[in-house]
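Residues per chain are reported as follows:
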Amino acid sequence: MSRLSPLNWPVVRQLRRGDLFGRDINAQSTKSKETHGRTVDADRVVQSVCPYCAVGCAQRVYVKDDRVIQIEGDPDSPISRGRLCPKGSASEQLVNSATRLTKIKYRAPHSTEWQELDEDTAMDMIADRFVEARRNGWQDTDDSGRPLNRTMGVAGLGGATLDNEENYLIKKLFTAAGAVQLENQARI
């Protein structure tokens, strides 16, 4: 029987084989039989958390050859139960984007050009500026002599792209450094 024969039409196959509701193999085309999901080829699955908002939806990250090939919601998560918003569903593009910066960029004051820095240099610059701002804004006491032990030269703004544990540690760091202006983007 040729491929174009009316006997190969899905509805005819359904009726001939007793599949009246079209839920059996009779309703599948050859193309759909040969199709398989992207996640089938993954080498491993890594648990993660969506980086966008403070909800903390769990994700399954499918990796093949050390490259992310798909990100889906984790159905075992009590928070999101396998669901992701459109941004969370598209987070694979965040990882694999051709425009993603992978090197540290620095633009000196009054400069019009960006330059690449190595990680040690960038960390040293950040630490030096943090310590200097803390020192310059330090207040031991108020006008009445009451102890303050705080700095007004450093503030912290956390982001929802960090998970709860990371934001907690950042808050502890800034509090220990004497900062009083601490906020998180998830609350703004």
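Notes on the structure follow. These numbers were taken from a predicted model, which means no experiment stands behind them.

Calculation rules
- Residues numbered from 1 in each chain as written.
- Predicted model: local features only at pLDDT ≥ 70, side-chain atom pairs only at ≥ 80, totals over all residues.
- Heavy atoms only, no water.
- 1 Å grid on protein atoms, 1.4 Å probe; cavity = no way out; pocket = protein on both sides within 12 Å on 5 of 7 lines; lining within 4 Å.
- Points joined across faces, edges and corners; volume = space filled by probe spheres on them.
- Pairing = 2+ DSSP bridges.
- Helix = DSSP H or I, 4+ residues; strand = E, 2+ residues; numbered from the N terminus.
- Axes fitted to C-alpha atoms, helices over the stretch in contact; angles between N-to-C directions.
- Contact = heavy atoms within 4.5 Å.
- Phe/Tyr/Trp six-rings, centres within 6.5 Å; stacked < 30°, edge-to-face > 60°.
- Expected span 1.5 Å × (residues − 1).
- Polar contact = N/O pair within 3.5 Å; in protein donor to acceptor, adjacent residues only side chain to side chain.

Once that is clear, we can look at empty space enclosed by the protein. It is a probe the size of a water molecule, rolled over the atoms, that shows where empty space is left. In the structure shown here, the tally under the stated rule is 1 cavity of 30 Å³ or more. Put simply, the largest cavity is a space of about 50 Å³.

Pairing is antiparallel in the open sheet, where 3 strands are placed in the order 1-2-3. Both edges of this open sheet fall to strand 1 (44-49) and strand 3 (67-73), since each of them pairs with a single strand only. Neighbour-to-neighbour, the strand axes of this sheet turn through a mean angle of 30°, independent of strand direction. Two elements, strand 1 and strand 2 (residues 58-64), share 6 bridges in a ladder whose sense is antiparallel. Residue pairing in the sheet places Q47 in a bridge with R60 of strand 2.

Read across the open sheet, the 3 strands follow the order 6-7-8; overall the sheet is mixed. On the outer flanks of this sheet lie strand 6 (138-141) and strand 8 (179-184), each paired with one strand and no other. Across this sheet, the average inter-strand angle for adjacent strands is 25°, counted without regard to direction. Pairing analysis gives 5 bridges linking strand 7 (residues 147-158) to strand 8, with the strands arranged parallel. Considered in strand 8, the bridge of A155 is made with Q181. Each of strand 7 and strand 8 touches helix 6 (residues 164-176); the most contacted strand, strand 8, lies at about 160° to it.

The subject of this paragraph is the packing of aromatic side chains. One pass over the structure, following the stated rule, counts 1 aromatic pair. Taking 5.7 Å as the distance between ring centres and 80° as the angle between the ring planes, the aromatic pair formed by F130 and F174 counts as edge-to-face. Here F174 lies in helix 6 and F130 lies in helix 5 (residues 119-136), a separation of 44 residues in the sequence.

For helix 5, which comprises 18 residues, the first-to-last C-alpha distance of 26 Å matches the rise-based estimate of 26 Å (1.5 Å per residue) to within 8%. Structurally, the start of helix 5 carries an N-cap: the backbone nitrogen of D120 is 3.3 Å from a side-chain oxygen of D118.

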